[in-house]
Amino acid sequence: MALKFTQNLRLLQFSIHHYFAGLISVRLLYSSSLGRSSCAACLCTSAARCIQTHGCRKLRTDFSSRNVTTTVREPSFFASSSVGIHRDSELRFRLTQLYRPSSDEEKSFHQKLVCCSSSRQVFKLLCSVDVLSDTMAAACLHRVADLEQNGAALRDPSVLEKDAIRALCFQLERDSERLTEAGLVSALLACTRLFLDPWSTLMVRLVTESQKRLDGEQMAVGELCMLGQAMLAMEGPGSAMLEQVMGQIQKQEPDEWNLLDLVAVYRLLEVCVGEDGKHGDLLNAMHTHAVTVTSRMDPAAVSGVLSSLVALNQKQAMPLVIGLCKQAVRHVPHFSDEELSHVLAALIHFGHSDRYFVDAMQKHVPKMAFTSHPETVSMVTEFFSRRRILSPTVFNAVAENFVYRADSYSTSQVARQIMAFGKLGYLPPNVGQLFRKVETILHTRFSQFQPRMLLNLLHACTLVERFPVNFLSKVFSSYFLQQLQGETYIDLRIERTVLAQLTQLYMTVKLECPIYEGPQLLPKYRVKSFLASNRSLETPVDQQLYNSVKSGLVDLLGDRSFFGSQVLTPYCYTLDVEIKLDEEGYVLPASHTDEVYKRIALCIDGRKRFTTNVRQLLGKEVIKQRHLQLLGYEVVQIPFYEFEKYRSMSKVVEYLHQKIFPHTFRLSW
């Protein structure tokens, strides 16, 4: 009896000892902009090198963090192969390579993991399997990060206190030397995505082991890229390990990489290529290889490479962009919302569109408009408006979707979608419902709009003759104008564009809304010309078309002095050609200012003043011609598609005569 009591007492002491020895701490870092930190003793910039070289354990950081400390009881431990989830929900990390899950089991697990829509489901999945490989364990951490990340922090920091996460972190910390390369770097990257403290024991051990294997050049390209991304998150672009990673990547030939490796290197280079063109040779070699494999790229690869090309501003890689756009045609129905947004943003950035891609989008948008993320729908409208493509099919679907879903849109998404209608000058069949919805949103959420975005929205409404009279008194108020000035004062070019919009909005009120009696726009906020070098409210005249019309006018009127060119009116608009007539209908010299009875404004409309796929004037050209008519000008439109049909000078002169003087006979000079 005494012997049994003694044995039980020793067992209790052993258990208590192991309980306290098994407590570990996990620290949550709230800030994602991690700077380079150094050891106080040796000033090493890499935690791994510091520990390996100097044995330093007390490291100091140059960023502030908030600690959420949790305790984890050390689970029972056996030397074996993988992570075992037992019925008591404890994770056991095995140390040999025996009994690894088969490839089919791993694939099935990953498919189930992707379907998890909450961290709780991830933990439930963990408890439902018997064996996990290290890569599967890392994938679980990545999925939790996918579900919990919210900017630079986690939506629910307490998720790190769950038993499954704490046990996984402990096992990774203890057995880092036994992890495969893929499992090691994937786990390290997952920890950075969960904002774990890079100076915690877990992170230091993972980094130390990664450094050891990096020095041994044991890693494949994909593993090097994951390690590089992790070091970027921990130490920034100046990381010594990151530089070593890039050095090993540069030693390899892009022609030998698979598609996953190619996309991974592109993503890593997004932050490694500076203004000095660093790694330019590697990029050029990658572009050359990528062109040859675009036909094999899946939706994720197409979207990923295009997104990287935008981030790297690789405008010299247009052959690759064109090839990716052609491949994107096949994947339009299969892109996720995020992938499609990246593709559209890239095509906007590079100024490229493919007829077949546009056709595919026209078929796809009516199906996805009611179910896709509002940001994706907004990007669709922005793409079509930037490329000046008027598709009634697309915009009708967007308008119907707007009426039913706009309450859930952000103010930016509301403004950007309406701006597209204004730019293209298009009114959908449900125009009444559409703008009633816009008015409702303005009434209920006016104060939520950023000043610049609000001005863009109201200006777009006037382009399609929808006048926001009820809100103009607020826009012309000194308070709103001060907000605008504070938002745009840094960039003088943008400042001028804002003033031009305000001026045109004010002109619209004076000419088309006589019932308005609110505040007026002060003269200091008005511009003298709407024509500017960039983002102008007028499209500059096509010089080649203008020269052809000018030659015909000289022949028609008898002398160059009888018409003016590029005439700036007192109303801010610039006339392509102005012809003055006296009371009897005779043409006056352009220099005459007296006895002018009638003014004719010739609008020489080249291709850039129309949508690209149909012959419809852009909204800003429509409002210009409408305002000129209200100001007393006789507006004569000379569209390129009419003028270019006439090749001989006699035909050109006859055409101009019929357009400008349809009720008079032409005299021969």
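Computed from a predicted structure; not experimentally measured.

The rules behind each value
Residues numbered from 1 in each chain as written. Predicted model: local features only at pLDDT ≥ 70, side-chain atom pairs only at ≥ 80, totals over all residues. Heavy atoms only, no water. Helix = DSSP H or I, 4+ residues; strand = E, 2+ residues; numbered from the N terminus. Buried < 20%, exposed > 50% of the residue type's maximum accessible area, 1.4 Å probe, protein only. Areas by Shrake-Rupley, 256 points an atom, 1.4 Å probe, with all protein chains shown as cover. Phe/Tyr/Trp six-rings, centres within 6.5 Å; stacked < 30°, edge-to-face > 60°. Lys NZ or Arg CZ within 6 Å of the ring centre and 35° of its normal. Axes fitted to C-alpha atoms, helices over the stretch in contact; angles between N-to-C directions. Parallel < 35°, antiparallel > 145°, perpendicular 65-115°, else oblique. Contact = heavy atoms within 4.5 Å. Nonpolar A, V, L, I, M, F, W, Y, C, P; charged D, E, K, R; others polar. Left-handed = near helix turned anticlockwise from the far one by under 90°. Core = buried A, V, L, I, M, F, W, Y, C linked by side-chain atoms within 4.5 Å. 1 Å grid on protein atoms, 1.4 Å probe; cavity = no way out; pocket = protein on both sides within 12 Å on 5 of 7 lines; lining within 4 Å. Points joined across faces, edges and corners; volume = space filled by probe spheres on them. Expected span 1.5 Å × (residues − 1). Salt bridge = Lys/Arg side-chain N within 4 Å of Asp/Glu carboxyl O. pLDDT = per-residue confidence, 0-100. Pairing = 2+ DSSP bridges. Right-handed = clockwise from strand over helix to strand, strands pointing away.

### A closer look at the overall build of the chain
The helix and strand tally for the chain stands at 28 helices and 10 strands. Counting the 669 residues in the chain, one finds 52% classified as buried. When the accessible area of the chain is evaluated, it comes to approximately 32400 Å², of which 51% is carbon and sulfur surface.

### Describing unusual backbone geometry
For Asn313, which is not glycine, the phi dihedral falls at a positive 55 degrees. Mapped onto the secondary structure, Asn313 falls in the loop between α13 (299-312) and α14 (318-331). For Asn313, a relative accessible area of 40% corresponds to the partly exposed category. Of note, the phi angle at Glu465 is positive, near 60 degrees, even though the residue is not glycine. Secondary-structure assignment places Glu465 in the loop between α21 (451-463) and α22 (469-475).

### Considering the environment of Ala220
Summarising the element assignment, Ala220 is placed in the loop between α8 (201-215) and α9 (221-235). On a C-alpha basis, the gap between Ala220 and Gln248 in space is 9.5 Å, while along the polypeptide they are 28 residues apart.

### Re the packing of aromatic side chains
According to the stated counting rule, one finds 15 aromatic pairs in the structure shown. Judged by centre distance (5.2 Å) and plane angle (75 degrees), the ring pair of Phe395 and Phe421 falls under edge-to-face. With Phe395 in helix α18 (residues 392-405) and Phe421 in helix α19 (residues 411-424), this residue pair connects regions lying 26 residues apart in the sequence. Residue classification places Phe421 among the buried positions, given a relative accessible area of 2%. Consider the rings of Phe640 and Tyr641, whose centres lie 5.5 Å apart with planes at 85 degrees: the pair is edge-to-face. Ring pairing ties together the aromatic residues Phe357, Phe383, Phe384, Phe395, Phe421 and Tyr426, which thus form one cluster. Sitting over the ring of Tyr356, Arg355 keeps its end group 4.4 Å from the ring centre. Sitting over the ring of Phe435, Arg466 keeps its end group 5.9 Å from the ring centre.

### Side note on the packing of helix α25 (residues 543-557) against helix α28 (residues 649-660)
Remark: α25 packs on α28, axes separated minimally by 9 Å, with the N-to-C direction vectors making an angle of 80 degrees. Here α25 lies roughly perpendicular to α28, going by the angle between them. Contact residues: α25 offers Val549, Ser551, Gly552, Leu553, Asp555 and Leu556, while α28 offers Met649, Val652, Val653, Leu656, His657 and Ile660. Across the contact of α25 with α28, the residue classes tally to 8 nonpolar, 3 polar and 1 charged.

### Quick notes on the packing of helix α5 (residues 134-148) against helix α6 (residues 163-174)
Two elements in contact, α5 and α6, have axes whose closest approach is 11 Å; the angle formed by their N-to-C orientations is 135 degrees. Compared by their axis directions, α5 and α6 come out oblique. Where α5 crosses over α6, the two elements pack in a sense that is left-handed. Within the contact between the two elements, α5 uses Ala137, Leu141 and Val144 and α6 uses Ile165, Leu168 and Leu172. Taken together, the residues that form the contact of α5 with α6 break down as 6 nonpolar, no polar and no charged.

### Regarding the nonpolar core
Counting residues in hydrophobic clusters, the biggest one holds 167 residues, and the most contacted among them are Ile249, Tyr266, Leu269, Met297, Phe357, Phe476 and Leu502. Once residues within four sequence positions are removed from consideration, Ile249 is found in contact with Leu224, Cys225, Trp257, Val265, Leu268 and Leu282. Counting 26 residues, the second-largest nonpolar core is a separate cluster that includes Val541, Leu557, Phe610 and Tyr655.

### A look at the layout of surface pockets
As a volume, the largest pocket reaches approximately 2000 Å³. Taken together, 46 residues line the largest pocket, and the ones lying closest to its centre are His142, Leu189, Arg193, Met226 and Arg267. Contributing elements (two or more residues each) for the lining of the largest pocket: α3 (103-114), α5, α7 (181-193), α9, α11 (259-272), α13 and α15 (337-350). At 8 residues, α11 tops the list of elements feeding residues into the lining of the largest pocket. The residue makeup of the lining of the largest pocket, split by class, is 21 nonpolar, 16 polar and 9 charged.

### Topic: α19
A rise of 1.5 Å per residue sets the reference length of α19, with its 14 residues, at 20 Å; its end C-alpha atoms lie 21 Å apart and thus fit the reference within 8%. Counting buried positions along α19 gives 11 out of 14 residues, so the element sits mostly inside the fold. Inspection of α19 places Thr411, Gln413, Val414, Ala415, Arg416, Gln417, Ile418, Ala420, Phe421, Gly422 and Leu424 among the buried residues, and these make up the whole buried set. Buried residues belonging to α19 abut α17 (374-386), α18, α20 (431-445), α21 and α26 (619-630).

### Here's the deal with the pattern of salt bridges
With the rule as written, the count across this model stands at 22 salt bridges. As a salt-bridge pair, Glu181 and Arg213 come within 3.6 Å of each other at their nearest N and O atoms. Of this pair, Glu181 sits in helix α7 while Arg213 sits in helix α8, and the two are 32 residues apart along the sequence. Each of Glu181, Glu209, Lys212 and Arg213 takes part in one network of salt bridges that share partners.

### Quick word on the side chain of His364
Structurally, the position occupied by His364 is in helix α16 (residues 355-368). Filtering out sequence-adjacent residues up to four positions away, His364 remains in contact with Val332, Pro333 and Leu340.

### Notes on the environment of Ala346
Position of Ala346 among the secondary structure elements: in helix α15. Exposure remark for Ala346: the relative accessible area of 0% places this residue in the buried category. What Ala346 contacts, discounting residues up to four positions off in sequence, is Leu306 and Val310.

### Let's talk about α21
With 13 residues, α21 should cover 18 Å at 1.5 Å per step; its first-to-last C-alpha distance of 19 Å lies within 8% of that length. In terms of residue burial, α21 counts as a mostly covered element, since 12 of its 13 residues are buried. Taken as a whole, α21 has its buried residues at Pro451, Arg452, Leu454, Leu455, Asn456, Leu457, Leu458, His459, Ala460, Cys461, Thr462 and Leu463. Once α21 finishes, Glu465 follows within two positions and takes phi at roughly 60 degrees, a positive value.

### Some details on the confidence of the model for the chain
Residue-level pLDDT values for the chain average 83, and 82% of them are 70 or greater. Here residues 1-97 is a poorly scored stretch, pLDDT under 50, and it has 199 contacts once near neighbours within four places are set aside; other chains count. The low-confidence segment residues 490-494 (pLDDT under 50) makes 4 contacts with residues lying over four places distant or belonging to another chain.

### A look at the pairing of strand β10 (residues 634-639)
Pairing analysis gives 6 bridges linking strand β9 (residues 598-605) to β10, with the strands arranged parallel. Following the sheet pairing, Asp605 is matched in β10 by Pro639. Handedness of the β-α-β unit built from β9, α26 and β10 comes out right-handed.

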